[in-house]
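# Report on the structure
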Amino acid sequence: MPFAARLRALRRDLATAAAAFVGKNPPPLVRVTRHASSAPAPAPAPAPAPGPAHLPAPRAVRVARIVRETADAVTLTLEDARGGTIPFIAGQFFTLCVPLPGGTVARRAYSASSSPLDPSRVSVTVKRVAGGLVSNHVVEHLREGDLLDVLGPSGSFGPVASTFPRRVVLVGGGSGITPLASIARTLLATERATQVVLVYGNRLREDVIFLDALDALAREHAAGDRFLVHHVLESPPAGWTGGTGLLDGPALDRALAALPLASTEYFLCGPEPMMRAARAHLAGRGVPHARVHEERFVSAHAAVPSVTGPSAAPAVAHAVRVRRGSAVQTLTVAPGATVLEAAFDARVDMPFSCTVGGCGACRVRLVDGALAMDEPNCLSPEERAEGYVLACVSRPGGPCTLEVA
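What counts as what
- In this numbering scheme, every chain counts its residues from 1 along its sequence in written order.
- Since the coordinates come from a predicted model, pLDDT governs what is reported: local features require at least 70, and pairs of side-chain atoms require 80 or more to be given and counted, while whole-chain, interface and lining totals use all residues.
- Note: side-chain values were computed over all heavy atoms of the structure, leaving out hydrogens and water.
- When DSSP finds two or more bridges between two strands, those strands count as paired.
- Labels follow the DSSP assignment, with helices taken as runs of H or I lasting at least four residues and strands as runs of E lasting at least two, numbered in each case from the N terminus.
- Note on geometry: axes are lines fitted to C-alpha atoms, helical ones only across the stretch in contact, with angles between N-to-C directions running from 0 to 180 degrees.
- To estimate how far a helix should extend, the number of its residues minus one is multiplied by 1.5 Å.
- When accessible area is computed with a 1.4 Å probe and restricted to protein chains, residues below 20% of their type maximum are described as buried, those above 50% as exposed, and intermediate ones as partly exposed.
- Only heavy atoms matter for contacts: two residues are in contact if any of them lie within 4.5 Å across the pair.
- Values of pLDDT, which run from 0 to 100, indicate the predictor's confidence residue by residue.
- Salt bridge, as used here: a side-chain nitrogen of Lys or Arg that lies within 4 Å of a carboxyl oxygen of Asp or Glu.
- Between the rings of Phe, Tyr and Trp (Trp by its six-membered ring), a pair exists once the centres lie within 6.5 Å; its type follows the angle of the planes, with under 30 degrees stacked, over 60 edge-to-face, and the other angles tilted.
- A ring is scored as having a charge over it whenever the NZ atom of a lysine or the CZ atom of an arginine sits within 6 Å of its centre and within 35 degrees of its normal.
- In protein, a polar contact requires one atom able to donate a hydrogen and another able to accept it; more generally it is a pair of N or O atoms within 3.5 Å, and residues adjacent in sequence count only if both atoms are side-chain atoms.

### Considerations on the sheet that holds strand E18 (residues 388-390)
Strands pair in a sheet through their backbones, by hydrogen bonds, and they do so in one of two ways: parallel or antiparallel. What the 5 strands build is an open sheet, ordered E15-E14-E20-E16-E18; its pairing is mixed. With partners counted over all chains shown, the strands left at the sheet margins are strand E15 (327-333) and E18, one partner each. Taking the axes of each pair of neighbouring strands and ignoring which way they run, one obtains an average angle of 35 degrees across the sheet. Of the pairings in the sheet, the one linking strand E16 (residues 363-368) to strand E20 (residues 400-403) comprises 3 bridges and is antiparallel in character.

Below, the structure written as structure tokens:
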């Protein structure tokens, strides 16, 4: 099978897992531990297929602990297999290279849910997706002591450190809690005068990831209301006193109406309907666009091509020139294929990580020509205005020239 076809298959699998973030069952913080001594000795994880020469080498990690958060979600605590540190920034994600039966290795992106203040380990949370090849394998078969390779960290979702008092509002749905939990834990530990407000929507109480951990964190920081948590449930149990219904504009208005707009930043992560409602609500309140930050994990099946350039209709093969400094290489991109897929087949060195437009690692600049780029993706309006595109979700509509930093 050509490498591009294998990459497309991986992207489809990754999109299935990532759809948890845009469907009604998005992926992830709490505790049942299986002791390593009770599990068979792990076999070394198969090495992933080699990537471009300049891509950082995967890091070997050991699953030090597995905690069951809900019936369908587990948190993996990972430690460097050689005893090194795992530095990252709150809000970033890692790409796990998961060995599957049959000797294949699949790559999946999961946000860190732990604080980066303990660089000896990192926790990621995986939620089972119906029919998901990797998520079901991780939830059902991964054991403490198993070895994995990881790439990353990747992504830029998260607040810039501040020495001034501020308010940070986190709005999450389902597994969108994962990066938000990392951000909350980090801010509460490092910015003593900052207030963190979390509005978190789920369908059922038993779907709430990190329920006990979030309540404990709120109690720990009760003085001065430093951490306020507003739960919203679509189908609440009897006696429920929190928010009810969908996490939409009215629900956000009830949770946030008393908060002043000054010195407030907003971070959104969850299903697209929730994100859309939150954006509209905040815009209606007059919140500047620059103070609203979003993390998107996009399903390729739900992606919509958007034209970048004069015209884009990827119905035939096109030549794409890839320029790096004074060196120029030419790719032939088959109909329907992405620039990154063609680069793999041609052994042209290009950076990448998640392969579904969620991390920005494959960002390149469109010098001339036209591309159809799947939407939504993680590029900011400023990056788009500067001519940047993502090679992993871009298909040429004619001859193009791309510049790789």
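### With respect to helix H6 (residues 272-284)
Taking 1.5 Å of rise per residue, the 13 residues of H6 would be expected to cover 18 Å, and the 18 Å separating its terminal C-alpha atoms lies within 8% of that figure. What H6 keeps buried is the set Glu272, Met274, Met275, Ala277, Ala278, His281 and Leu282. Structurally, H6 contributes buried residues whose contacts are with strand E7 (167-173), helix H5 (249-256), strand E11 (264-269) and strand E12 (292-295). One or two steps after H6, the chain reaches Gly286, where phi turns positive at roughly 85 degrees.

### Structural notes on the sheet that holds strand E5 (residues 121-127)
Within the open sheet, the 6 strands sit side by side as E4-E3-E6-E1-E2-E5. Their pairing is antiparallel. Strand pairing shows two members of the sheet lacking a second neighbour, strand E4 (105-111) and E5, which therefore form its edges. Recorded for the sheet is a direction-independent mean angle of 40 degrees between the axes of neighbouring strands. In the sheet, strand E1 (residues 59-70) pairs with strand E2 (residues 73-80) via 8 bridges, with the strands oriented antiparallel. Within the sheet, the bridge partner assigned to Val61 lies in E2 and is Asp80.

### Considering helix H2 (residues 133-141)
In an α-helix, one turn spans 3.6 residues; hence positions three or four apart end up facing the same way. Of the residues making up H2, those classed as buried are Val134, Ser135, His137, Val138 and Val139. Residues of H2 that are buried in the fold lie against E1, E2, strand E3 (93-99), E4 and E5.

### Quick word on the confidence of the model for the chain
With 80% of its residues at a pLDDT of 70 or more, the chain shows a mean pLDDT of 82. The low-confidence segment residues 298-304 (pLDDT under 50) makes 15 contacts with residues lying over four places distant or belonging to another chain.

### As for the pattern of salt bridges
Two side chains bearing opposite charge may form a pair once their charged atoms approach each other closely. A complete count under the given rule lists 13 salt bridges for this structure. With a closest N to O distance of 3.0 Å, Arg279 and Glu294 form a salt bridge. In this pair, Arg279 sits in helix H6 while Glu294 sits in strand E12, placing the two residues 15 residues apart along the sequence. Among the residues examined, Glu294 registers a relative accessible area of 26% and is labelled partly exposed. Taking the shortest distance from any N to any O, the salt bridge between Asp374 and Arg395 comes out at 3.1 Å. Taken together, the positions of Asp374 in strand E17 (residues 371-375) and Arg395 in strand E19 (residues 394-396) put the pair 21 residues apart, joining distant regions of the chain. In this structure, Asp374 and Arg395 share a single accessibility class: buried. One salt-bridge network, held together by shared partners, links Glu272, Arg276, Arg279 and Glu294.

### Points about unusual backbone geometry
Negative phi characterises most residues that are not glycine, and trans characterises most peptide bonds. In this model, Gly152 is joined to Pro153 through a cis peptide bond whose omega is 15 degrees. Mapped onto the elements of the fold, Pro153 is located in strand E6 (residues 147-154). We note that Phe210 has phi near 70 degrees; this positive angle belongs to a residue other than glycine. Given the relative accessible area of 0%, Phe210 is considered buried. The residue Asp225 is not glycine, and still its phi comes out positive at about 50 degrees. On the secondary structure map, Asp225 appears in the loop between helix H4 (211-220) and strand E9 (227-233).

### Some words on the packing of aromatic side chains
The geometry of an aromatic ring pair comes down to the distance between the two centres and the angle between the two planes. One pass over the structure, following the stated rule, counts 2 aromatic pairs. Above the face of the Tyr388 ring, Arg363 is positioned so that its terminal group lies 3.7 Å from the ring centre.

### A closer look at the environment of Thr125
In this structure, Thr125 sits in strand E5. Classification of Thr125 by relative accessible area gives buried; the value is 0%. Expressed as a C-alpha distance, the spacing of Thr125 and Arg68, which sit 57 residues apart in the sequence, is 9.3 Å. A distance of 3.4 Å separates the side chain of Thr125 from the side chain of Ser113, its partner in a polar contact.

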